[in-house]
Amino acid sequence: MKIQRIAGALGAELLDIDLSAPLTDVQVAEIRQALLDHCVIFFRDQTITPDQQVAFARAFGEIVDYPMIKPLPNHPEIIPVVKEAHETVNFGGLWHTDTAYLAEPPLGSILLAKSVPPFGGDTLFANGYLAYEALSDGLKAALAPLRGVNRSGGASVAKTRGAGAKADEKSAIHPVIRTHPETGRKSLYVNLAHTYRFDGMTEAESAPLLGYLFQHQIRPEFTCRFSWREGSMAFWDNRCALHNPINDYHGHRRVMHRITIAGDTPV
């Protein structure tokens, strides 16, 4: 297996590996280390079944349900992320980390491209470590004690889930500065989709600083961009990376299969 970085900030392709075959313990360890090193990793030209995608995911942790979308009928571990040709809104089409409104947000998400448009549909990723490290010492100190209130039903993100999504409201409070449980590095852990105020403050009071942080964390030098092909698969670390699927392929169908890996309580 070879590792090829795709940008200076984060992201790497893992080459010369066939995910249709069972992974060895050595391969699992190497893939996990690549995820920790690069925040998001990519595989190309994978011809795998739903069962094989599930087996891959289980090598890295417990699979958990995604609370908003119904899974595949015969594979409850997998949710279909679909935009039909006639639709104009794409699923999760804004900067976010997955399900930050849960008490234990996921470790990571695994997304497999089943059908892609002839152009567009790329996904952007951003490095939360770099966003934190670029802050001034004064702002780091000011943010250190703050906790963000995250909710599932914000107006901007609700519009990206489609008509079939569940509407039940969920919320959780997490540190604004999160320490990664495996690397020990600190990252900026707020996101436009879910974080709407600081604990103990009103939305109006929180808005100026949150607005600055939302723009700061997606500076171009903190990001990478991945162009999908059929059979491409991405595995990103929700504890330190944000993502944003670009909605620029109206008139074309896009089908992805996603699996979510259980995480822990942010600290």
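An account of the accompanying structure is given in this report. These figures come from a predicted structure and were not determined experimentally.

Reading guide: rules and limits
- Residue indices begin from 1 for each chain and proceed along its sequence in written order.
- Whole-chain, interface and lining totals are the exception, using all residues; otherwise, since this is a predicted model, local features are given only for residues with pLDDT of at least 70 and side-chain atom pairs are given and counted only at 80 or more.
- Working from all heavy atoms in the structure, the side-chain values ignore hydrogens and water.
- Helix numbering and strand numbering both begin at the N terminus, where a helix is a DSSP run of H or I of at least 4 residues and a strand a DSSP run of E of at least 2.
- Here the globule rule is a power law, 2.2 Å times the number of residues to the power 0.38, and the radius of gyration is based on C-alpha atoms.
- In this scheme, a residue with accessible area under 20% of its type's maximum is buried, one over 50% is exposed, and one in between is partly exposed, where area comes from a 1.4 Å probe on protein chains only.
- Any two residues having at least one pair of non-hydrogen atoms within 4.5 Å are treated as being in contact.
- Here the accessible surface of atoms and residues is derived via Shrake-Rupley with a 1.4 Å probe, and residues count as covered only by protein chains that are part of the display.
- A residue counts as positive if it is Lys or Arg and as negative if it is Asp or Glu; His and the chain ends are not included.
- To locate a charge, take atom NZ for lysine, CZ for arginine, CG for aspartate or CD for glutamate.
- Strands were regarded as paired on the criterion that DSSP finds at least two bridges between them.
- Axis angles are defined between N-to-C directions and span 0 to 180 degrees, where every axis is a line fitted to C-alpha atoms and, for a helix, only to the segment in contact.
- The working definition used for a salt bridge is a side-chain nitrogen of Lys or Arg within 4 Å of a carboxyl oxygen of Asp or Glu.
- Directions pointing from the helix axis toward each C-beta atom define the arc.
- Nonpolar core, defined: a set of buried Ala, Val, Leu, Ile, Met, Phe, Trp, Tyr and Cys residues in which side-chain atoms within 4.5 Å join the residues together.

Along its length, the protein carries six helices and 16 strands. Over its C-alpha trace the protein gives a radius of gyration of 18 Å, about what one expects of a compact globule, namely 18 Å for 267 residues. Taking the principal axes of the C-alpha coordinates as reference, the protein spans close to 50 × 40 × 30 Å. For the protein, buried positions account for 52% of its 267 residues. Nonlocal contacts in the protein, meaning residues at least 24 apart in sequence, comprise 82% of its contacts between residues at least 6 apart. Entry remark: accessible area of the protein is about 11,600 Å², with carbon and sulfur atoms responsible for 53%. For the protein, the distance from the average site of its 26 positive side-chain charges to the average site of its 29 negative ones is 4 Å.

Reading across from one edge, 9-8-12 is the order of the three strands in this open sheet, with antiparallel pairing throughout. Each end of this open sheet is capped by a strand with a single partner; those strands are strand 9 (171-175) and strand 12 (195-198). Neighbour-to-neighbour, the strand axes of the sheet open up by a mean angle of 30°, direction not taken into account. Across five bridges, the pairing between strand 8 (residues 147-151) and strand 9 is antiparallel. Each bridged residue has a counterpart across the sheet, and for asparagine 150 the counterpart in strand 9 is alanine 172. Packed onto the sheet, helix 6 (residues 203-216) meets strand 8 and strand 12 and runs at close to 120° relative to strand 12.

When the charged atoms of two side chains with opposite charge come close together, those side chains can pair. Under the defined criterion, the tally for this structure stands at 13 salt bridges. Notably, a salt bridge pairs arginine 225 with aspartate 122, separated by 2.9 Å at the nearest N-O pair. One end of the pair, arginine 225, is in strand 13 (residues 223-226); the other, aspartate 122, is in the loop between strand 6 (108-115) and strand 7 (123-127), and 103 residues separate them in sequence. Overlapping salt bridges, with partners in common, bring together Arg32, Glu182, Asp237 and Arg239 in one network.

Within the span of helix 2 (residues 50-58), buried status applies to Gln53, Val54, Phe56 and Ala57. Burial along helix 2 is one-sided: seen end-on, the buried residues are contained in an arc of 160°. Among the exposed residues of helix 2, those oriented more than 90 degrees off its buried face are Asp51 and Arg58. Summarising the contacts, the buried residues of helix 2 are in contact with helix 1 (25-38), strand 3 (40-43), strand 4 (63-64), strand 6, strand 14 (233-237) and strand 16 (254-261).

With that settled, consider the nonpolar core. Grouped together as the largest cluster of nonpolar side chains are 25 residues, with contacts concentrated most on Leu10, Val40, Tyr66, Phe125 and Trp228. Those residues in contact with leucine 10 that sit more than four places away from it in its chain are His38, Cys39, Val40, Phe125, Ala126, Asn127, Phe222, Thr223, Cys224 and Ala241. Counting residues in hydrophobic clusters, the runner-up holds 24 residues, among them Phe60, Ile78, Met233 and Phe235.

We now examine the sheet that holds strand 13. Spatial ordering of the open sheet is given by 13-7-15, a layout of three strands whose pairing is antiparallel. Edge positions in the sheet fall to strand 13 and strand 15 (241-245), since each of these pairs with one other strand and no more. Sheet twist, expressed as the mean angle between neighbouring strand axes with direction ignored, is 20°. Note that strand 7 and strand 13 share four bridges and pair antiparallel. Bridge assignment links leucine 124 to a residue of strand 13, and that residue is arginine 225.

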